Amino acid sequence: MNFENLSLVWLVAIFAGAGLVILACGVRITDVADRIADRTGLGEALIGGLLLGAATSLSGTVVSITTAFEGRASLSFSNAVGGIAAQTAFLALADMIYRRVNLEHAAADLSNLFQGALLVLLLSIPLIAYVSPDISFFAISPFSLILFGIYIAGVIASKRVRDDPMWRPVGTRETRTDTPDEEQQDARGNVTIFAVFGALMLLMGIAGYAISGVAGVLTDRYGISASVVGALMTAVVTSLPELVTTLAAVRRGALQLAVGGIIGGNTFDTLFLTLSDVAYRDGSLYDAITKGDLIWLSVGLSATAILLLGLIVRQKAGPGRIGFESAGILTLYAGAVALTVS
């Protein structure tokens, strides 16, 4: 589809329509992921961190890859790291609606702690790549391959952490555990539910392609900064599934799924950078980004560190009946938005 010939009205309509598709799919896919967690016996934290996180990130993946292929390095990079920052802020919003106790206290799970630490490591790789000498092979930075390797190793280790944990969170009266609502079934009985999950992912991918086309026209035609469009427009819209799935999971009482979905989705989102670097054919992606893009990388890294501290401390209540980590993350994100648009 040729987006360049469309008027602003049509561009806005397509952008909004794609956002609604992503939003609707996000509402449905949370329930499907929860049922998969119960049926397979893998648990909410692991399914939320891997399967749900990857599925809800698909539209953002399409945006980053498409814009990188078009040579829009800043837009591609800021979409990826801006989404991580936005989704972490969404978890703070979920903490605000869970009034019994601080969400990070109630959703204690070792898998989420591990995923959070892994995410900090993954987010440090592009920062190292930016300050390192320009080295690439076939226009691909070795740091992109390192990032991918660490992610795969982390996925394998996540399963081991769940199956044979060396640490366990202290249970309290407010701690919510992952209790399956459905009986486990064999692979044949799960075919339909996995098919539904796949169809929802496909729709979100198509919507992501539409959003990337509109974003490219906005940056070219109206001279809007690629960092602003990527971090505050495409990243937020493609992150709507994470907001919906997190709030829905909290309302269902699937707290490990809520926290795991955000952290796991953010972990998966770091792969946007590897895929975008491959798609970007003008050299290493990290050598084409700006300092404005690094602001959102720093925000994502800092917000993850704050969240990880909250998961360890497990404060029962803090300012405004939310944990210190939620208050800190929201303040950090609001400050980054003000800095970006000023």
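Residues numbered from 1 in each chain as written. Predicted model: local features only at pLDDT ≥ 70, side-chain atom pairs only at ≥ 80, totals over all residues. Heavy atoms only, no water.

**Some remarks on the overall build of the protein**
Counting its secondary structure elements, the protein contains 14 helices and 0 strands. Taking as baseline every contact in the protein between residues at least 6 positions apart, the subset at least 24 positions apart corresponds to 85%. For the protein, the computed accessible surface area is about 14200 Å², with 67% contributed by carbon and sulfur atoms. (Helix = DSSP H or I, 4+ residues; strand = E, 2+ residues; numbered from the N terminus. Contact = heavy atoms within 4.5 Å. Areas by Shrake-Rupley, 256 points an atom, 1.4 Å probe, with all protein chains shown as cover.)

**Digging into the pattern of salt bridges**
Within the structure shown, the criterion is met by 2 salt bridges. The shortest N-O distance in the salt bridge between R72 and E70 comes to 3.1 Å. Look at R72 and you get buried, because its relative accessible area is 19%. The class of E70 is partly exposed, set by a relative accessible area of 43%. The shortest N-O distance in the salt bridge between R72 and D220 comes to 2.6 Å. Taken together, the residues R72 in the loop between α3 (58-69) and α4 (73-97) and D220 in helix α8 (residues 191-221) connect sequence positions 148 residues apart. Among the ionic contacts, a cluster of salt bridges with common partners joins E70, R72 and D220. (Salt bridge = Lys/Arg side-chain N within 4 Å of Asp/Glu carboxyl O. Buried < 20%, exposed > 50% of the residue type's maximum accessible area, 1.4 Å probe, protein only.)

**Side note on the nonpolar core**
Core analysis: the biggest nonpolar cluster contains 56 residues, and F77, L103, V250, L255, V259 and W296 have the highest contact counts within it. A per-element tally of this core places α4 first, with 12 residues. Ignoring any residue separated from it by four or fewer positions in sequence, one finds F77 in contact with P126, L273, L285, Y286, I289, D293 and L297. Judged by nonpolar contacts, the second largest core, of 15 residues, contains F3, L11, I14 and V63. (Core = buried A, V, L, I, M, F, W, Y, C linked by side-chain atoms within 4.5 Å.)

**With respect to the environment of P241**
For P241, the location among the structural elements is in helix α10 (residues 240-252). With residues up to four places along the chain from it excluded, the contact list for P241 reads I22, G26, T56 and M204.

**Focus: the packing of α4 against helix α14 (residues 324-341)**
Orientation of α4 relative to α14, taken along the N-to-C sense of each, is 135 degrees, at an axis distance of 9 Å. Between α4 and α14, the crossing angle belongs to the class labelled oblique. Here α4 runs over α14; the crossing is left-handed. Contacts from A85, A86, T88, A89, A92, L93, D95 and M96 in α4 reach E325, S326, I329, L330 and Y333 in α14. Of the residues assigned to the contact of α4 with α14, the class counts are 9 nonpolar, 2 polar and 2 charged. (Axes fitted to C-alpha atoms, helices over the stretch in contact; angles between N-to-C directions. Parallel < 35°, antiparallel > 145°, perpendicular 65-115°, else oblique. Left-handed = near helix turned anticlockwise from the far one by under 90°. Nonpolar A, V, L, I, M, F, W, Y, C, P; charged D, E, K, R; others polar.)

**Describing the packing of α8 against helix α9 (residues 226-238)**
Following both chains from N to C, one finds α8 and α9 inclined at 155 degrees, their axes separated by 10 Å at the closest point. It follows that α8 is roughly antiparallel to α9 by the angle criterion. The hand of the α8/α9 crossing is right-handed. Judged by residue contacts, I211, A215, L218 and T219 of α8 engage A226, V229, M233, T234, V237 and T238 from α9. Along the lines of polarity and charge, the residues of the contact of α8 with α9 split into 7 nonpolar, 3 polar and no charged.

**Digging into unusual backbone geometry**
Its identity as a non-glycine residue notwithstanding, F138 has a phi of 55 degrees, on the positive side. Relative to the helices and strands, F138 is located in the loop between α6 (110-131) and α7 (142-163). A relative accessible area of 77% places F138 in the exposed class. For A139, which is not a glycine, the phi torsion comes out positive at approximately 65 degrees. Here A139 lies in the loop between α6 and α7.

**Description of the confidence of the model for the protein**
Do not read the fine detail of predicted coordinates wherever pLDDT is low. With 88% of its residues at a pLDDT of 70 or more, the protein shows a mean pLDDT of 83. No element of the protein has a lower mean pLDDT than helix α2 (residues 44-56), which averages 63, and none a higher one than helix α12 (residues 271-279), which averages 94. (pLDDT = per-residue confidence, 0-100.)

**Details of the side chain of S212**
If you trace the backbone, S212 turns up in helix α8. S212 sits in the buried class, given a relative accessible area of 0%. A polar contact is formed between the side chain of S212 and the backbone oxygen of Y209, at a distance of 2.7 Å. In contact with S212, other than residues within four places in its own chain, are V63, T66 and T67. (Polar contact = N/O pair within 3.5 Å; in protein donor to acceptor, adjacent residues only side chain to side chain.)

**Some words on the side chain of E325**
Topologically, E325 is positioned in helix α14. Its relative accessible area of 0% is what places E325 among the buried residues.

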